[in-house]
Amino acid sequence: LSLLMALFLLPINTFAYTINNEFNLASDQGDSRVAYQNYILIHETATLTSGRNVAANMKNNYDGFKPYTTDVIGEGGIVYRVGQLGYVSWGALDANPYAPAQIELQHTYDRDLFEKNYRAYVDLIRDYCKQFNIPMTLDTPYPNKGVKSHLWVTNTYGGDHTDPYGYLSKMGVSKEKLAYDIAHGFGDGNPTTSPTDPVLDP
């Protein structure tokens, strides 16, 4: 009986995300430059549609000039791969050459869907930091390597985007919590968000 109970307590799946390659850019599409391994750039889609639709739009409307990222997270933890990982993608102007990965988070107000997407978002960021030997720090001053928001890119390189903080704040995740989650990952003592004591931006 104790063995049976132990089996039930084991995690069924330790991965918070799955990779979908349906919308990969073709071999003759996308930037051919290998990116410097300085930043993991993070975004949110800013439109109430599925991650799948955002990825499909990037793929289907690619013409050599339109923006695209390496990944779009949606549908509860599906990572739609668009641009080739390790190469320059076009999601953040002059910061693009310094990021081997750029990640978009689906914009949804479905709480359960958000929780799953956010878990995948953080886990993917952490995995890419390990893969490219980039510090798991958030928005540290230039020229430090690390995870950088689109707001950081705007403040450092120019532009007008401020994501993902406005959206995350509405869902109860402050910049401070995002930074903590990226640095430490998740465990029993660190759920994605706390319904009874949400961490909100000041």
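Residues numbered from 1 in each chain as written. Predicted model: local features only at pLDDT ≥ 70, side-chain atom pairs only at ≥ 80, totals over all residues. Heavy atoms only, no water.

Description of the side chain of Lys 148
For step 1, the next point in the chain: Residue placement: Lys 148 occurs in strand S6 (residues 146-149).
For step 2, the next point in the chain: One buried charged residue, Lys 148, forms no salt bridge at all, with the nearest opposite charge on Asp 139 at 5.9 Å.
For step 3, the next point in the chain: At 3.0 Å, the side chain of Lys 148 forms a polar contact with the backbone oxygen of Asn 144.
For step 4, the next point in the chain: In this structure Lys 148 touches Tyr 39, Ile 40, Leu 41, Ile 42, Asp 139, Thr 140 and Pro 141, once residues within four positions along its chain are discounted. (Helix = DSSP H or I, 4+ residues; strand = E, 2+ residues; numbered from the N terminus. Buried < 20%, exposed > 50% of the residue type's maximum accessible area, 1.4 Å probe, protein only. Lys, Arg positive; Asp, Glu negative; His and termini not counted. Salt bridge = Lys/Arg side-chain N within 4 Å of Asp/Glu carboxyl O. Polar contact = N/O pair within 3.5 Å; in protein donor to acceptor, adjacent residues only side chain to side chain. Contact = heavy atoms within 4.5 Å.)

With respect to the packing of helix H3 (residues 111-132) against helix H6 (residues 175-184)
For step 1, the next point in the chain: As a packed pair, H3 and H6 sit with axes 8 Å apart at the nearest point and diverge in direction by 55 degrees. When the interaxial angle is binned, H3 and H6 end up oblique. H3 and H6 meet at a crossing whose hand is right-handed. Of the residues in H6, those touching H3 at Tyr 118, Val 122, Ile 125 and Arg 126 are Lys 177, Leu 178, Asp 181, Ile 182, Ala 183 and His 184.
For step 2, the next point in the chain: Broken down by class, the residue content of the contact of H3 with H6 amounts to six nonpolar, one polar and three charged. (Axes fitted to C-alpha atoms, helices over the stretch in contact; angles between N-to-C directions. Parallel < 35°, antiparallel > 145°, perpendicular 65-115°, else oblique. Left-handed = near helix turned anticlockwise from the far one by under 90°. Nonpolar A, V, L, I, M, F, W, Y, C, P; charged D, E, K, R; others polar.)

Description of the nonpolar core
For step 1, the next point in the chain: Membership of the largest hydrophobic core comes to 30 residues, with the highest contact counts inside it found for Ile 40, Tyr 118 and Leu 178.
For step 2, the next point in the chain: Counting residues per element, the ones that place at least two in this core are strand S2 (39-44), strand S5 (101-105), H3, helix H5 (165-170) and H6.
For step 3, the next point in the chain: Looking at this core element by element, the count peaks at ten residues for H3.
For step 4, the next point in the chain: Every residue in contact with Ile 40, bar those within four places of it in the chain, is listed here: Pro 100, Ala 101, Ile 103, Tyr 128, Cys 129, Phe 132, Ile 134, Gly 146, Val 147 and Lys 148.
For step 5, the next point in the chain: Within the second largest apolar cluster, eleven residues are counted, among which are Leu 25, Tyr 62, Val 72 and Tyr 80. (Core = buried A, V, L, I, M, F, W, Y, C linked by side-chain atoms within 4.5 Å.)

Description of the pattern of salt bridges
For step 1, the next point in the chain: Summed over the entire model, instances satisfying the criterion amount to eight salt bridges.
For step 2, the next point in the chain: Taking the shortest distance from any N to any O, the salt bridge between Arg 111 and Glu 115 comes out at 3.6 Å. One end of the pair, Arg 111, and the other, Glu 115, are both in helix H3, four residues apart, so they sit about a helical turn from each other.
For step 3, the next point in the chain: Classification of Glu 115 as buried rests on a relative accessible area of 17%.

What about helix H4 (residues 150-157)?
For step 1, the next point in the chain: Among the residues of H4, His 150, Trp 152, Val 153 and Thr 154 are the ones counted as buried.
For step 2, the next point in the chain: At the C-terminal side of H4, Gly 158 shows a positive phi close to 110 degrees.

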